[in-house]
Amino acid sequence: MVLEMSQFVKSYECTLCHKTYHPSQNIMTCSNCGEQGILMIEYDYEKMKKVVNQAYFENNKDQSMWRYLPLMSIEGKFHERLLKIGFTPLYQANRFHQRIGLNKLFIKDESTNPSQSLKDRASAVAVLKALEMNQDTIACSSTGNAASSLACHAARMGLKTYIFVPKRAPLGKLTQLLIYGANVIQVDGDYRSAFKLSKDAINHYGWYNRNAAINPHLVEGKKTVALEIAEQLNFKPTDWVVVSVGDGCTIAGVYQGFYDLKMLGLIEKIPKLLGVQSEGCAPFVIAHQTKKPLIETNELTIADSIAVGIPRNPVKALRAVIESKGNWISVSDQDIIYTMAKLGKDEGIFAEPAASASFAGLEKAIRLNIIDKNESVTVIHTGNGLKDLDNAQKAIKQPIVMKADLALFNEYYQTKGE
Ligand SMILES: *Cc1c(COP(=O)(O)O)cnc(C)c1O
Ligand SMILES: [Zn+2]
């Protein structure tokens, strides 16, 4: 089967051996390097420039990620029938920046996507790509949001899904899957085991593969978050963009989005990217500190969405940070929980642990002088806190319990009320 070419795609290039492929070739990974040979999509920017310029954005009425379709590697047929994904709000912080000693902070609120996380951008591309290829079933393994977003958009478009989740998937995300009608296989083991079984089943049944790192088109979906941040800031993005990192596809996508805009002459420079991980699962941070190749780590963190001991996209993610002159940082689960409560109180934002991690990482980066207080920053708020109530419970005080008696309330209010 031959993929129809998106108009500005020049070629696919292997991130390891740099072999190039014609975009009409129906491949996921490099034939030389196997599964490690993740492909990059190369665009013809000179040609693209003629269509994608300042005027293109001024005249575009689409208020979703599909306003960036000419910058993507898919045709995008049927996208009008999807739920609304992208063009999420970019808020300037009202208070949280003062708490952490920063002058200017923007929050890109990805929790407002249909399944309440940034993963919707990639899953939507997977669903459209599967439709383009006349596939009726999509499968993936996921720690949660990749799966719940896939189940959401596949349901909307009438596709079947097989989802392989690790045992520890939080109840909120698991419930989302089942409500969206997915076939859910809870694998006895960690993310690695779930990934392996999904791979074997995909190979066996020939389903469409939504495993993000392997599928080069999904990063193209994720990059739209960077395109939006830039456009929402009038093509003058902040000095830094902070992203929490598991597999590394999000940070790679963010870099790719800014890179595209730079190549098109729409922004002057690419923001420095701060990649944030959990101390209990920080293979990228360790690789950066030791200047050695990535080694497998444990997955000991409450931030399930970034608990990835063997990241599937190491090359693109490491390069994103190096080429943007950014940095890596890790935060403790305690920092994540503490920050979750502060964000809720300061900004009315309820972040799941992996999203709270990026704000905690920003706080730490300021404390360690990695980020200067006069630099401007955007944090990507990647997922909604309601997805994981068990961990959110650790961040809160319990409510006051009393009988319906004003005298009792008065006593409470006068001694302990705010
Ligand atoms: C997936 C995810 C991330 C990290 O994305 P990767 O591509 O795995 O690095 C961060 N936050 C949330 C909420 C996520 O779901
Ligand atoms: Zn290769």
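As a starting point, this report considers the structure included with it. Along each chain, the written sequence defines residue order, and numbers are assigned to residues from 1. As they are written, the chains are lettered A onward and the ligands numbered 1 onward, keeping that order. Local features are withheld for residues below a pLDDT of 70 in this predicted model, meaning they are given only at 70 or higher, and side-chain atom pairs are given and counted only at 80 or more; totals for whole chains, interfaces and linings count all residues. To get the side-chain values, all heavy atoms of the structure are used, and hydrogens and water are removed first.

1. A short note on the overall build of the protein chain
Phase 1 of the analysis: Each helix corresponds to a stretch of at least 4 residues labelled H or I by DSSP, and each strand to a stretch of at least 2 residues labelled E; elements are numbered beginning at the N terminus. A tally of helices and strands in the protein chain yields 16 helices and 13 strands.
Phase 2 of the analysis: Its C-alpha atoms give the protein chain a radius of gyration of 21 Å, near enough to 22 Å, the size a compact globule of 418 residues would have.
Phase 3 of the analysis: Considering only C-alpha atoms, the protein chain reaches an extent of 75 × 45 × 45 Å along its principal axes.
Phase 4 of the analysis: Burial status follows relative accessibility: with a 1.4 Å probe on protein chains alone, a residue under 20% of its type maximum counts as buried, one over 50% as exposed, and anything between as partly exposed. For the protein chain, the residues scored as buried account for 59% of the 418 residues in total.
Phase 5 of the analysis: Using the Shrake-Rupley algorithm and a 1.4 Å probe, accessible areas are obtained, with residue cover drawn only from the displayed protein chains. Within the structure as shown, the protein chain displays about 17,900 Å² of accessible surface, and the carbon and sulfur contribution to it stands at 51%.
Phase 6 of the analysis: Computed over 48 positive and 43 negative side-chain charges, the inter-centroid distance for the protein chain is 1 Å. In this treatment the radius of gyration is a C-alpha quantity, and the globule benchmark scales as 2.2 Å times the residue count to the 0.38 power. In this tally Asp and Glu are treated as negative and Lys and Arg as positive; neither His nor the chain ends contributes. Here the site of a charge means atom NZ of a Lys, CZ of an Arg, CG of an Asp or CD of a Glu.

2. Things to note about the environment of T161
Phase 1 of the analysis: In this structure, T161 sits in strand β7 (residues 160-166).
Phase 2 of the analysis: Judged by its relative accessible area of 4%, T161 is buried.
Phase 3 of the analysis: Residues T161 and Y208, spaced 47 residues apart in sequence, show a C-alpha to C-alpha distance of 9.4 Å.
Phase 4 of the analysis: Whether two residues are in contact is decided by their heavy atoms: any pair within 4.5 Å suffices. Contact partners of T161, with chain neighbours within four places excluded, come to I138, L150, A151, A154, A182 and N183.

3. Examining the nonpolar core
Phase 1 of the analysis: By nonpolar core is meant a set of buried Ala, Val, Leu, Ile, Met, Phe, Trp, Tyr and Cys residues that side-chain atoms within 4.5 Å join together. With 48 residues, the main nonpolar core has M48, V52, F57, L71, V254, F258 and I380 as its most contacted residues.
Phase 2 of the analysis: Among the nonpolar cores identified, the runner-up in size contains 34 residues, and F96, I329, I337 and A365 belong to it.

4. Observations regarding the environment of C140
Phase 1 of the analysis: Within the element layout of this structure, C140 appears in strand β6 (residues 137-141).
Phase 2 of the analysis: Here C140 falls in the buried class, since its relative accessible area comes to 0%.
Phase 3 of the analysis: Considered as a pair, C140 and I202 are 62 residues apart in the sequence and their alpha carbons are 8.4 Å apart.
Phase 4 of the analysis: In this view, C140 contacts A146, A147, L150, Y162, I163, F164, S198, R210 and N211; residues no more than four positions away in its chain are not counted.

5. Let's talk about the packing of aromatic side chains
Any pair of aromatic rings gets described here by the distance separating the centres and the angle formed by the planes.
Phase 1 of the analysis: Working definition: a ring pair exists when centres of Phe, Tyr or Trp rings (six-membered ring for Trp) sit within 6.5 Å. Plane angles under 30 degrees give stacked, over 60 give edge-to-face, the rest tilted. Applying the stated rule across the entire model yields 12 aromatic pairs.
Phase 2 of the analysis: Both rings, one in F96 and one in F359, keep their centres 5.8 Å apart while their planes meet at 90°; by these two values the pair is edge-to-face. You can see F96 sitting in helix α3 (residues 96-99) and its partner F359 sitting in helix α14 (residues 353-367), a full 263 residues away along the chain.
Phase 3 of the analysis: Overall, the relative accessible area of 2% leaves F96 in the buried class.
Phase 4 of the analysis: Accessibility expressed as a relative area gives 0% for F359, which makes it buried.
Phase 5 of the analysis: Ring plane angle 0° and centroid distance 4.9 Å describe the contact between F284 and W328, whose orientation is recorded as stacked. With F284 in helix α11 (residues 283-290) and W328 in strand β12 (residues 327-331), the pair connects residues that are 44 residues apart, well separated along the chain. Side by side, F284 and W328 carry an identical accessibility label, which is buried.
Phase 6 of the analysis: Feature note: the residues Y43, Y45, Y255 and Y259 constitute an aromatic cluster, connected by ring pairs.
Phase 7 of the analysis: One cation-aromatic arrangement involves R312 over F195; the distance from NZ or CZ to the ring centre is 3.7 Å. Consider the ring centre and the ring normal. A charge sits over the ring if Lys NZ or Arg CZ is within 6 Å of that centre and within 35 degrees of that normal.

6. Here's the deal with the pairing of strand β10 (residues 240-244)
Phase 1 of the analysis: Among the 5 residues of β10, 5 are classified as buried, and the element is accordingly described as predominantly covered.
Phase 2 of the analysis: Across the two faces of β10 the burial is the same, with W240, V242 and S244 and V241 and V243 all buried.
Phase 3 of the analysis: For two strands to be treated as a pair, DSSP must find at least two bridges joining them. Bridge count for β10 against strand β11 (residues 272-278) is 5 bridges, and the pairing is parallel. Bridging from a neighbouring strand, V242 pairs with L274 of β11.
Phase 4 of the analysis: Looking down the strands as they point away from the viewer, one classifies a crossover as right-handed if the path from the first strand across the helix to the second runs clockwise. Since β10 and β11 lie parallel, the crossover through helix α10 (residues 249-263) that links them has a hand, and here it is right-handed.

7. Description of the coordination of the zinc ion (ligand 2)
Phase 1 of the analysis: In this description, a donor is an N, O or S atom within 2.8 Å of the metal centre, a cutoff extended to 3.2 Å for sodium, potassium and calcium. Water is not part of the atom list, which can make sites seem incomplete. Here the zinc ion (ligand 2) is held by the protein donor atoms C14 (SG), C17 (SG), C30 (SG) and C33 (SG), which lie 2.3 Å from it.
Phase 2 of the analysis: Taken together, the 4 donor atoms coordinating the zinc ion (ligand 2) span angles of 105 to 114° at the metal, a pattern that classifies the geometry as tetrahedral.
Phase 3 of the analysis: Taken in chain order, the donor set of the zinc ion (ligand 2) reads C-x2-C-x12-C-x2-C. On the criterion of sequence distance, the pair formed by C14 in strand β1 (residues 9-14) and C33 in the loop between β2 (20-21) and β3 (39-43) is long-range, its members being 19 residues apart.
Phase 4 of the analysis: We classify C14 as buried; its relative accessible area is 0%.
Phase 5 of the analysis: Under the relative-accessibility criterion, C33 is labelled partly exposed at 25%. Think of it this way: with four donors and all angles in the 85 to 135 degree range, the site is tetrahedral; with four or six donors, opposite ones beyond 155 degrees and the rest between 65 and 115, it is square planar or octahedral; otherwise it is irregular.

8. Some remarks on the packing of helix α9 (residues 224-232) against α10
Between two packed helices, both the angle of their axes relative to each other and the distance between the axes serve to describe the pair.
Phase 1 of the analysis: To define axes, lines are fitted to C-alpha atoms, for helices over the stretch in contact only, and angles between the resulting N-to-C directions are given on a 0 to 180 degree scale. Close contact between α9 and α10 brings their axes to 7 Å; oriented N to C, the two are set at 50°. In this view, α9 runs oblique relative to α10, as classed from their interaxial angle. For α9 against α10, the interelement crossing comes out right-handed. Only V254, G257, F258 and L261 of α10 make contact with α9, whose side of the interface consists of V225, A226, L227, I229 and A230. Every angle not falling under 35 degrees, over 145, or within 65 to 115 is termed oblique; those three ranges are roughly parallel, roughly antiparallel and roughly perpendicular. By convention, the crossing between two helices is left-handed when the near helix turns anticlockwise from the far helix through less than a right angle, and right-handed when the turn is clockwise.

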